[in-house]
Amino acid sequence: MDPVIIVGAGPVGLTLALALARQEVPCVVLDETPGDDEPRLARTAVLREDTAALLTRLTGIPLHRVGAHWAGWRSMRRRQVMREVTFYDDEYDVDNAAPAPSTPSALSATSAASHASGASGGSGASGGAEAPEHAGPAPLHIAQHVLTRALRAALARERYAEIVTESRLDVVEQEPSGVSAHTRGPEGTWWRGSYLVGCDGPRSTVRKLQDIRFPGRTAVERHAVAALRTELPRPDQALLHRMPPWRTSGPSAGEVSARPLPAGIWRLDWLLPPGKDLVTPELLVSLIRETLAGWSDDGSTPPYDLLDTGVHTVHHRLARRWRAGRVFLAGDAAHLLGAFGTHGLDESLRDADNLAWKLALAWHHGPHEALLDSYQAERRAVIAARLRAADQALPQLRGGGGLRAYVPGAARNHDALLADAHLGRGPLGATGVYDDSPLTPRHLGAEVPVDTPPGAPVADVRVTAEDGSCVRLRDRLGRGALLVVLIAPGTGVWERRHWVTAGIMPRLAAAVTALPHPAELLVAESYPGAGAHTVLLIRPDGHLVTALNGVRPADLYAAAEAAVGRGPSMTEAAEGTGASKTSAKAGADPTQTPKDKDTDAGTDTDGRTDGSRNRDGDGDGDGDGVRHGNGNGDGDGDADQAADRKRKETEAGTGARSG
């Protein structure tokens, strides 16, 4: 079978290629650059613990050695500490950790009391504040070029993957049996593939060749960015400072954040007021000096080395469709988000993780249309929910708030919303849950609740593998197999040979062997919220399928069938819903408002923007900024329905040419 063609060699494309190669799926990565990653310390990413674990597993490099885990995070308003959070160590046992609050109300209930602190960043008095809130493992802050180099190095060792540099895509053709792509370069080349995935950024050529619209908001936020080496009062703690008390000599929206990197390097972001004011070098130096002086104990500017600068413009956009026959979109090609400090690249890497095991299953075992359709249904719904939450928060946090700004407690509510975004919690920042996925099994009589709801990422508990080794649960992910975990207290005390043939183990082992998809049987002493003899079924990407009360072979089989797109509910979804329902369900376009131009304005998402608008008539936007409704809530008239008919004709064998 032909390889998978991946267009784009950024972190998302390289991650997808590595994930496929580890499942023995050959792939070709088309990179339009020479393959040199320019060092840009003003271009960084914040990754959640499970996303960092995914990249560590794929690269073989402990990313904490090349990135920075924060010891804590603070939110300040003027001279008050509004919230202070400390993180526990990566090696801390997840079973002993209290779950972090995930909603604004829960976050407010556990927040530290505000207290005076002298100068904003100094060691001011705590003023009788409560102890800082304790959260889960710290996020990882890493320079994007460091991450990309690690992924490239790992991919160079893979025999199932190849990177082709200086290859710019210009034609994509589809037919029932595969995809053909033509690239410009030193030698024009045609490539043949089984599937093609566009990971080629916000101005995606793949998206344009498939005539997929990309509506949304332009320039939701603008930030001046600087990476510098200096000493701050709390060297390992990130900070968000709103309405700082010092005067500024240039335009400012009253918000600055500081996030540490290794080797004493910091990334500082200043929120800019709406508009297109030019950020000059002189203005940026003034912001740096005033901010560092305001955070120092004595009011003087400490020494610093300026390493990199830029202007980062945040856009909010969502592609109408993420699948067109054998062509898929992922990462910035499918969505743009990132306002309020949310983790845009983290979400893009989750696209790759979600798609990889589904493509691998289809590549090895033949077409699984319902399973492949579930990629858009799951991931687009998560991103659409995040964008809707951001749209709702924008008037409060960036619009002045009107009279609401004077309501008692409004400032604290704003701080709670921003804390959610920066810490990856609540509607603005929490990890997506595929609670309404078409892969969710229905009508399981033995299903029981645990602390992880179906569709959510599982906790990283210690498990005993079939070979007797004791590993972390996440170490067994990404291999294409389902995971079946039996919760059996006491098994860690005895050697595996004593209990592997005792009690319910033989019956469970037989049930796992009979599943319709390869599965690995693991045993854990405990799992949050699970009783003894609970059986967990987990997808290859680490999301929980279901939890069963004991060994229930029929329910386990039915759940496994649904998880890989073979259950009755999936057949109904494939025949009765189609992509149009998926599009409406997966978010009815939260990014478009009557005020917005539906243009393909873009950003390099790397701390630089050219502010240009796409005027090439490529179908990405109609330019009138008006909703066009057809009753399905997606606001694009008959475009999606026509695209669905075209895709179904392609899959039925008529063939289609794109580009």
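This text goes with the structure placed above it.
Residues numbered from 1 in each chain as written. Predicted model: local features only at pLDDT ≥ 70, side-chain atom pairs only at ≥ 80, totals over all residues. Heavy atoms only, no water.

## Description of the overall build of the chain
When helices and strands are tallied, the chain shows 16 helices and 28 strands. The buried share of the chain, taken over its 659 residues, is 56%. Considering only residue pairs separated by 6 or more positions, the chain has 75% of its internal contacts joining residues 24 or more positions apart. (Helix = DSSP H or I, 4+ residues; strand = E, 2+ residues; numbered from the N terminus. Buried < 20%, exposed > 50% of the residue type's maximum accessible area, 1.4 Å probe, protein only. Contact = heavy atoms within 4.5 Å.)

## Concerning the packing of helix α2 (residues 49-59) against helix α4 (residues 144-156)
Interaxial distance between α2 and α4 falls to 9 Å at its minimum, and their mutual angle equals 35°. Contacts between α2 and α4 involve L55, L58 and T59 from the first element and L147, A150, L151 and A154 from the second. Of the residues assigned to the contact of α2 with α4, the class counts are six nonpolar, one polar and no charged. (Axes fitted to C-alpha atoms, helices over the stretch in contact; angles between N-to-C directions. Nonpolar A, V, L, I, M, F, W, Y, C, P; charged D, E, K, R; others polar.)

## Side note on the sheet that holds strand β20 (residues 327-329)
The strand order across the open sheet built from six strands is β9-β2-β1-β13-β20-β19, with neighbouring strands paired in mixed fashion. Of all the strands in the sheet, just β9 (161-164) and β19 (323-324) have a single pairing partner and so form its edges. Here helix α1 (residues 11-21) sits on the sheet and contacts β1 (4-7), β2 (27-30), β9 and β13 (195-198); the angle it forms with β1, its principal contact strand, is near 160°. Together, β1, β13 and β20 form the strand contacts of helix α7 (residues 344-365), whose direction differs from that of β13 by roughly 170°. (Pairing = 2+ DSSP bridges.)

## Side note on the pairing of strand β10 (residues 168-175)
As a general feature of sheets, a regular strand has side chains that alternate between the two faces. Of the pairings in the sheet, the one linking β10 to strand β11 (residues 178-184) comprises seven bridges and is antiparallel in character. Each residue of the ladder has a partner; that of V171, found in β11, is H182. Remark: two residues form the turn of the hairpin made by β10 and β11, two consecutive strands paired antiparallel.

## Overview of the pattern of salt bridges
By the definition in use, this model includes 31 salt bridges. In this structure, the salt-bridge partner of D308 is R40, at a minimum N-O distance of 2.7 Å. One end of the pair, D308, is in strand β18 (residues 304-318); the other, R40, is in the loop between β2 and β3 (44-47), with 268 residues separating them in the sequence. D308 sits in the buried class, given a relative accessible area of 14%. Of the residues examined, R40 reaches a relative accessible area of 5% and is grouped as buried. Two residues, E347 and R379, come together in a salt bridge whose shortest N-O distance is 2.8 Å. Separated by 32 residues along the polypeptide, E347 in helix α7 and R379 in helix α8 (residues 369-398) bring together distant segments of the chain. The pair E347 / R379 is uniform in exposure class, with both members buried. Among the ionic contacts, a cluster of salt bridges with common partners joins R48, D50, D346, E347, R350, D351, R379 and R386. (Salt bridge = Lys/Arg side-chain N within 4 Å of Asp/Glu carboxyl O.)

## So, helix α6 (residues 281-295)
With 15 residues, α6 should reach 21 Å at 1.5 Å per residue; the first-to-last C-alpha distance of 21 Å fits that figure. The complete set of buried residues in α6 reads L283, L284, L287, I288, T291, L292, A293, G294 and W295. For α6, the elements touching its buried residues are β14 (216-230), β15 (237-242), β16 (255-261), β17 (265-271) and β18. (Expected span 1.5 Å × (residues − 1).)

## Some words on the pairing of strand β25 (residues 519-524)
The element β25 is extensively covered by neighbouring structure, given that five of its six residues are classed as buried. The pairing of strand β24 (residues 482-487) with β25 spans six bridges and is parallel. Among the inter-strand pairings, L483 is bridged to a residue of β25, identified as E520.

## Here we look at unusual backbone geometry
Leave glycine aside and you will find that most residues have negative phi; peptide bonds, for their part, are mostly trans. Phi is positive for E166, which is not a glycine, with a value near 50°. Inspection of the secondary structure assignment puts E166 in the loop between β9 and β10. Assessed through its relative accessible area of 40%, E166 is described here as partly exposed. With phi around 60°, D211 is a residue other than glycine that occupies positive phi space. Relative to the helices and strands, D211 resides in the loop between α5 (205-209) and β14.

## Comments concerning the environment of V551
Positionally, V551 belongs in the loop between β27 (544-549) and α13 (553-563). For the pair V551 and A511, spaced 40 residues apart in sequence, the C-alpha to C-alpha distance is 8.2 Å. The contact partners of V551, leaving out residues within four places of it in the chain, are I504, R507, L508 and V535.

## Quick look at the packing of aromatic side chains
Counting across every chain of the model gives four aromatic pairs. Aromatic pair W246 and W295: ring centres 6.3 Å apart, planes at 85°, arrangement edge-to-face. On the criterion of sequence distance, the pair formed by W246 in the loop between β15 and β16 and W295 in helix α6 is long-range, its members being 49 residues apart. A relative accessible area of 17% means that W246 is categorised as buried. Ring centres 6.2 Å apart and planes at 70° place the aromatic pair F328 and Y375 in the edge-to-face group. Here the residue F328 occupies a position in strand β20, and Y375 occupies one in helix α8, the gap between them amounting to 47 residues. Classification of F328 by relative accessible area gives buried; the value is 0%. Taken together, the ring pairs in this structure connect Y195, W322, F328 and Y375 into an aromatic cluster. (Phe/Tyr/Trp six-rings, centres within 6.5 Å; stacked < 30°, edge-to-face > 60°.)

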